[in-house]
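# Examination of the molecular architecture
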Amino acid sequence: MAKNTVFQTFFRALIVLFTWVSVAAAQSQPSLIPSPPQIAASSYVLMDAASGHIIVQGNSDERLPPASLTKMMTAYIVERELSEDRIAMSDEVPISVHAWRTGGSRMFVKEGSNVTVENLLHGMIIQSGNDASVALAEYVAGSEGAFADIMNQQAQILGMKNTHFMNATGLPHEEHYSTAHDLALLARAIINDYPDNYPIYSQKYFTYNDIRQPNRNSLLWRDPSVDGLKTGHTDAAGYCLVASAKRDDMRLIGVVMGTNSERARAQEVQKLLSYGFRYYETHSLFKAGQPLKDATVWGGQKESVQVGLANDAIVTIPRGTKDSLESVMDIDSVIKAPVKAGQELGQVRVTLNGQEVVKRPVVALEAVDEGGFFKRIWDAIKLFFVQLFS
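Structure report, in brief. Here the structure is a predicted model, which is why all the values come from computation and not from measurement. All chains use their own residue numbering, which begins from 1 and follows the written sequence. It should be noted that, the model being predicted, local features are given only for residues of pLDDT at least 70 and side-chain atom pairs only at 80 or more, the latter also being counted only at that level, while totals for whole chains, interfaces and linings use all residues. Here the side-chain values reflect all heavy atoms present in the structure, with hydrogen atoms and water set aside.

## Focus: the overall build of the protein chain
We apply this condition: Only DSSP runs of H or I with at least four residues qualify as helices, and only runs of E with at least two residues qualify as strands; both kinds are numbered from the N terminus onward. Radius of gyration: over C-alpha atoms. The globule rule applied is 2.2 Å multiplied by the number of residues raised to the 0.38 power. Buried means the residue's accessible area, taken with a 1.4 Å probe over protein chains only, is under 20% of the maximum for its type, while exposed means over 50%, and partly exposed covers the values in between. Whether two residues touch is decided by their heavy atoms; if any such pair falls within 4.5 Å, the residues are in contact. Accessibility throughout is a Shrake-Rupley quantity obtained with a 1.4 Å probe, and a residue counts as covered only by protein chains that appear here. A positive count includes Lys and Arg, and a negative count includes Asp and Glu. His and the chain ends are not counted in either. Positions of charges follow a simple convention, taking NZ of Lys, CZ of Arg, CG of Asp or CD of Glu.
What the protein chain contains, in helices and strands, is 10 helices and 16 strands. Relative to the compact-globule value of 21 Å for 390 residues, the protein chain shows a C-alpha radius of gyration of 28 Å, a clear excess of over 25%. In terms of overall dimensions, the protein chain has C-alpha extents of about 95 × 80 × 35 Å along its principal axes. Every one of the 390 residues in the protein chain was classed for burial, and the buried ones make up 47%. Long-range contacts, defined here as pairs at least 24 residues apart, represent 64% of the contacts in the protein chain between residues at least 6 apart. Accessible area of the protein chain: about 19,800 Å², with a carbon and sulfur share of 51%. For the protein chain, the distance from the average site of its 36 positive side-chain charges to the average site of its 42 negative ones is 8 Å.

Structure representation (C-alpha cells):
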C-alpha cells in the first residue's frame, strides 16, 4: 500500500513537471510570422501611422507618377492654412477660367462663380475634382505654379525626399513624381497633424451643383475599419491608392502604385492591411513629458533635474513579443547648471531580442539655474573627489 502511495505521488509529480515544462516551452516559442504577401503593384509600402515603422515595402523609393494622390498634398497645405487662420472654411473662392477648364475628374464648378473653401475641399478629396484643386491652389498662392512651389517646400519639411510637384492636381508631367514611401509619410502627416479634417476622407458621397459623386476608394464600402485616404489614376501612373485603417489602438497606412485596375488597387492594399493587423501590434512605451528619472545636477539651485522624452516613444513589433522588449537609459555622467528645459542629456534605447527598435534623446523636463557662488564652489569640490575615486 505504501509502495503504491509513493508511486502515485511520484507519478503525479512527473505529470506536474511535464506540464510545467510544456507550458514554459510553449511560452518561450518565438512568434511565427509568415513572409509578407505578394503585391501586384509597381511600388508599395505598409506603415504604422503612430510609430512611422515600415512593416512591408517593395520598390518604395521608386519615383513614379502619383496621379490624383497629389491632391493629398494640396489638401494638407489647405488644412495648414485653415489651422493657422489664414483662410476659413466659409471663405468664398472665385472660380477662374483656368480652374473651370482643367480637364480630368471634376467637381463641376462654374467659371465666374464663388464656392466656399469647405465645398472645394470636399469636392477635391471625395470627388477628386481637378477644378476644385486648381481653385484652392489659386486662392492660397495666387497661381497654381506658385502653389506648386509651396507643395515642394512642404514635401521637404515632411521628409519626402523623392517627390517633386508641378501642379496641384496630379495631371501628367515628366517632372511630377513621388514614391510610395513619401506618400505614406504625407498620409501620416494628414492623419496626425489635422485630425479634425480627417473625417472628410471617409465620406462615401458628396453632392455639388446637384451632381452626386461617390468616393473612388472602394475599401470604404468593403472594410469598416478603412476611413481614408485617396485614389489616383492616369495611363502613366496606373491605378493607385493610399488607404488607412484603424483597428483597436492600431492604425496602418497602405500605399500601392501602378496596379492594373480599380479592383486590383483595392485588393492589394487590403492584403497589406490584413497582414499588418494580423501579425503586428503597436505599443506606446513612454509618453512625451513623462518623468523617467531624476538626474543629479552640479552647481545648480536644485540638486537634480527631471528627465524624459520630448516625443512619445512608440514601437511596432510582432504580436506577442512585448515581454521581450528591453530598455536602457544612458544619462550624461556629469550635468552642470545651468540646464535648459529641453536640453539633451542622454538617450534611451529599446531593443527586441538584441535588435534596436527605438532610440530617442532624453531631455531635461525643467530648467535648473546656476546656484550661488558658494554652492558652485562646494559642488565643484565634491565633483572633483567623486571623479577622483570613481
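## Points about the nonpolar core
Rules: Nonpolar cores are built from buried Ala, Val, Leu, Ile, Met, Phe, Trp, Tyr and Cys residues. Side-chain atoms within 4.5 Å join them into one set.
Counting residues in hydrophobic clusters, the biggest one holds 60 residues, and the most contacted among them are M73, L120, L121, L186, L229, V242 and V255. With nine residues, the single largest contributor to this core is helix 7 (residues 180-193). With sequence-adjacent residues up to four places away left out, V242 is seen in contact with L69, M72, L183, A187, G228, L229, K230, I253, G254 and V255.

## Brief notes about the packing of aromatic side chains
For any pair of aromatic rings, the description consists of the separation of the ring centres together with the inter-plane angle of the planes. Stated formally: Aromatic pairing here means that ring centres of Phe, Tyr or Trp (its six-membered ring) are within 6.5 Å. Orientation follows from the plane angle: under 30 degrees is stacked, over 60 is edge-to-face, and everything else is tilted.
Applying the stated criterion across every chain yields a total of six aromatic pairs. Measuring from ring centre to ring centre gives 5.6 Å for Y198 and Y201, while their planes differ by 25 degrees; the resulting arrangement is stacked. By the burial criterion, Y198 is buried, and Y201 matches it. Their ring planes at 85 degrees and their centres at 5.7 Å tell us that Y205 and W221 sit as a pair that is edge-to-face.

## As for the sheet that holds strand 7 (residues 226-234)
Remark on secondary structure: sheet strands pair via backbone hydrogen bonds, oriented parallel or antiparallel. Selection rule: Being paired, for any two strands, means DSSP has found at least two bridges between them. Lines fitted to C-alpha atoms define the axes, with helix axes restricted to the stretch in contact, and inter-axis angles between N-to-C directions lie between 0 and 180 degrees.
Taken in spatial order, the five strands make up an open sheet running 2-1-9-8-7, and their pairing is antiparallel. If you trace the sheet from one side to the other, it starts and ends with strand 2 (54-58) and strand 7, each paired once. Here the average twist between neighbouring strands, direction ignored, is 5 degrees. Bridge count between strand 7 and strand 8 (residues 238-247): eight bridges; the pairing is antiparallel. Bridge pairing in strand 8 places G232 opposite C240.

## Focus: the environment of V97
Position of V97 relative to the elements: it lies in helix 3 (residues 97-101). V97 gets classed as partly exposed once you look at its relative accessible area, which sits at 37%.

## Observations regarding helix 2 (residues 71-83)
Two residues of an α-helix separated by three or four positions point the same way, owing to the 3.6 residues in each turn. The line we're drawing: Expected helix span is given by 1.5 Å per residue-to-residue step, counting one fewer step than there are residues.
Given a rise of 1.5 Å per residue, 13 residues ought to cover 18 Å, and the 18 Å separating the end C-alpha atoms of helix 2 matches this to within 8%. Burial in helix 2 covers these residues: K71, M72, M73, T74, A75, Y76, I77, V78, E79, R80, E81 and L82. Considering only its buried residues, helix 2 is in contact with helix 4 (117-125), helix 5 (130-141), helix 6 (144-157), helix 7, strand 7 and strand 8. Phi for D85, located one or two positions after helix 2, is positive at around 60 degrees.

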